[in-house]
Amino acid sequence: MGEEVEAQEFSRADRTRHREKVRRNLDVFARMLREARFDTDDPMTGLEVELNLVDDQDDPALKNAEALKAIADPAFQTELGQFNIEINVPPAKLREGGLTTFEESLRHSLNDAEAKSSEVGAHMVMIGILPTLAPGHMSLDSLSANPRYKLLSEQILAARGEDITIAIEGAERLRTTADSIVPEAACTSTQFHVQTSPDQFAAYWNASQAIAAVQVAVAANSPYLLGKELWRETRIPLFEQATDTRSEELKAQGVRPRVWFGERWITSVFDLFEENVRFFPALLPVTDEEDPLAVLERGDTPTLPELRLHNGTIYRWNRPVYDIARGIPHLRVENRLLAAGPTVADTLANAAFYFGLVRSLAESQRPLWSQMSFSAAEENFHTASRQGIEAQVYWPGVGQVRATELVLRRLLPMAREGLESWGASGAEIDRFLGIIEQRCLTGVNGAEWFVRRMHDRRDLERWDGLRATLHDYRDVDINDPNNKPVAMQYATVLQAKGQNDQSLAVMRKLAIGHPKDRDVLAA
């Protein structure tokens, strides 16, 4: 959700004062890094999930205020659009069954919240972009009531000096304009947090950047926007464009965008915060009363409010986080490039894959990023966003390779090793990485499932097809062993790989759910 900000106007003096203060914050942060004042023992992991709201007809429900009032749980918070809410799951340690704790907590909270929000006509959906969002929803009236969002929209439009243009070319083409940042609200995501020491931060951030493309390829879940089939993970280009403060002239000059993959591997967390201050003017130049140096010198922990608020308006796909818990500062990498869903199990599978793989790579004796250019990682990222599970990416020592083949042959074993290092249980590892393996073997993730269903409904008017498919999506678990099309495809792939016992086990589970289905019994 970000820091709370009251409605206000900013003068030139406000901006000058804020620039001086944020630089003072940066100096204090550098000193804290030198003096090793950070919590580095027994690191935590965290999870946030942004959700969409729909009505009984599967159209957007602009009712987040009513839904949050009905839910009455502080873990749920407002988001940018009135058709969004967010849940913050309590942090956990993977060695203490954290993956299972995340799953149980998230499932319980969502089930309880759905029961309550449905009473006010709002149902929750975990998907990157709500497929039934229409042009009529892209107005300022759709913003949530929080003053921060209106203020942020005004500042972005003022910096840009003109309406925001959205132009995305995928399977189909979309070109539209907006007079607010409401299109950003269409982008709902899952954020994975991994706590790390200052010494290890660069390795974890670099590793996160290197694997971003593979994450998106196997977990893409945003294929439609405003009725158009675009990229498999359309959130990526949409978010990049919806918060772009640059005019066409500034883009031509090479001015950096606020939604940013980055431009280089780093050697310290300080590199990222220093880039934030050096490259980006403040969107919300709010100045706090805190004197960070005085706080530090009396032995307390400064909150560095200007540095943190500024960081929150620079939208890196892997964002550095400075935070304080129980009076002790710590650092986290916030991995924020994936959509949620399709299910709770899918979301936790994505988390397990990330937590395991990033640790394995970060602690590798020969860093992957020493063998790979940063530009190659960025190109991989956008290729995977466009093509999803069918993407081919570049990987050191391999060259161009299908993302699914790379995951199956190299990255799943590394993710398993990383999860074992975290202390995750064998049962957790098998279950959640098994979901990633199934996607790669069948070639089906959330986006692919949705697109295939839509293609099967070509005879329907587009919006009717989107509503019908979204309704199915809400009701069907694409990883369920009783999901006939996916299970049969999975069994066929296993048989082709010579894994006959596993193939037979899949079909037996399917037969239990479909005891009279001739196709299942024949297979």
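See the structure printed just above.
Because the structure is predicted, anything quoted here is derived from the model rather than measured.

A.B. asks: Explain the environment of Q191 to me, using residue names and the numbers behind them.
C.D. replies: For Q191, the location among the structural elements is in strand β7 (residues 190-196). When the C-alpha atoms of Q191 and A340 are compared, they prove to be 8.8 Å apart, with 149 residues separating the residues in sequence. When sequence neighbours within four positions are dropped, the list of residues in contact with Q191 reads G46, L47, E48, E50, E86, E334, N335 and R336. Of note is the side chain of Q191, whose polar atom sits 3.1 Å from the side chain of E50.

A.B. asks: How would you sum up the pattern of salt bridges? Please name residues and give values.
C.D. replies: The final tally for this structure, using the stated rule, is 40 salt bridges. Residue R246 is joined to D244 by a salt bridge in which the shortest nitrogen-to-oxygen separation is 2.9 Å. As far as burial versus exposure is concerned, R246 and D244 are alike and both buried. Across the pair R308 and D323 runs a salt bridge, and its minimum N-O distance is 3.0 Å. Remark: D323 occurs in strand β12 (residues 318-325) and R308 occurs in helix α11 (residues 305-311); sequence separation between them is 15 residues.

A.B. asks: Tell me what's going on with the side chain of R332, and back it up with residues and numbers.
C.D. replies: Looking at where R332 falls in the secondary structure, it is placed in strand β13 (residues 328-338). On the accessibility criterion, R332 (16% relative accessible area) is buried. In this structure the side chain of R332 is engaged in a polar contact, spanning 3.2 Å, whose partner is the side chain of D323. Those residues within four positions of R332 in sequence are excluded, and the remaining contacts are H193, V194, Q195, F201, R319, P320, V321 and D323.

A.B. asks: For unusual backbone geometry, give the residues involved together with the corresponding values.
C.D. replies: Note that the residue after G341, namely P342, is joined by a cis bond; omega there is 5°. Take P342: it is sitting in the loop between β13 and α12 (344-362). One non-glycine residue, D58, lies in positive phi territory at about 70°. Within the secondary structure, D58 sits in the loop between β1 (45-54) and α2 (64-71). Since its relative accessible area comes to 3%, D58 is described here as buried. Positive phi is not limited to glycine here, since A72 has a value of about 50°. Checked against the element boundaries, A72 lands in the loop between α2 and β2 (76-78). In this structure A72 comes out as exposed when scored by relative accessible area, which is 61%.

A.B. asks: How would you sum up the nonpolar core? Please name residues and give values.
C.D. replies: Within the largest apolar cluster, 149 residues are counted, with the highest numbers of intra-cluster contacts made by F29, F353, F355 and L419. Here the element with the most residues in this core is helix α6 (residues 198-219); it accounts for 15 residues. Residues in contact with L419, not counting those within four places in the same chain, are L94, L99, A352, F355, G356, A424, I429 and L433.

A.B. asks: So, the side chain of N25: which residues are in play, and what are the values?
C.D. replies: Mapped onto the elements, N25 comes out in helix α1 (residues 12-34). Apart from residues no more than four positions distant in its own chain, N25 is found in contact with P292, L304, P305, E306 and L307.

A.B. asks: Any chance you could break down the packing of α6 against helix α13 (residues 374-387) for me, citing the residues and the numbers?
C.D. replies: When two helices pack together, their arrangement is given by the angle between their axes and by how far apart the axes lie. Across the interface, α6 lies against α13 with an axial gap of 7 Å and an inter-helix angle of 25°. As the angle between them shows, α6 and α13 are arranged roughly parallel. Like other packed secondary-structure pairs, α6 and α13 cross with a definite hand, here left-handed. Between α6, through W205, Q209, A212, A213, V216 and A217, and α13, the contact on the second element is made entirely by F374, A377, N380, F381, A384 and S385. When grouped by side-chain class, the residues that make up the contact of α6 with α13 number nine nonpolar, three polar and no charged.

Rules of the game
- Residues numbered from 1 in each chain as written.
- Predicted model: local features only at pLDDT ≥ 70, side-chain atom pairs only at ≥ 80, totals over all residues.
- Heavy atoms only, no water.
- Helix = DSSP H or I, 4+ residues; strand = E, 2+ residues; numbered from the N terminus.
- Contact = heavy atoms within 4.5 Å.
- Polar contact = N/O pair within 3.5 Å; in protein donor to acceptor, adjacent residues only side chain to side chain.
- Salt bridge = Lys/Arg side-chain N within 4 Å of Asp/Glu carboxyl O.
- Buried < 20%, exposed > 50% of the residue type's maximum accessible area, 1.4 Å probe, protein only.
- Core = buried A, V, L, I, M, F, W, Y, C linked by side-chain atoms within 4.5 Å.
- Axes fitted to C-alpha atoms, helices over the stretch in contact; angles between N-to-C directions.
- Parallel < 35°, antiparallel > 145°, perpendicular 65-115°, else oblique.
- Left-handed = near helix turned anticlockwise from the far one by under 90°.
- Nonpolar A, V, L, I, M, F, W, Y, C, P; charged D, E, K, R; others polar.

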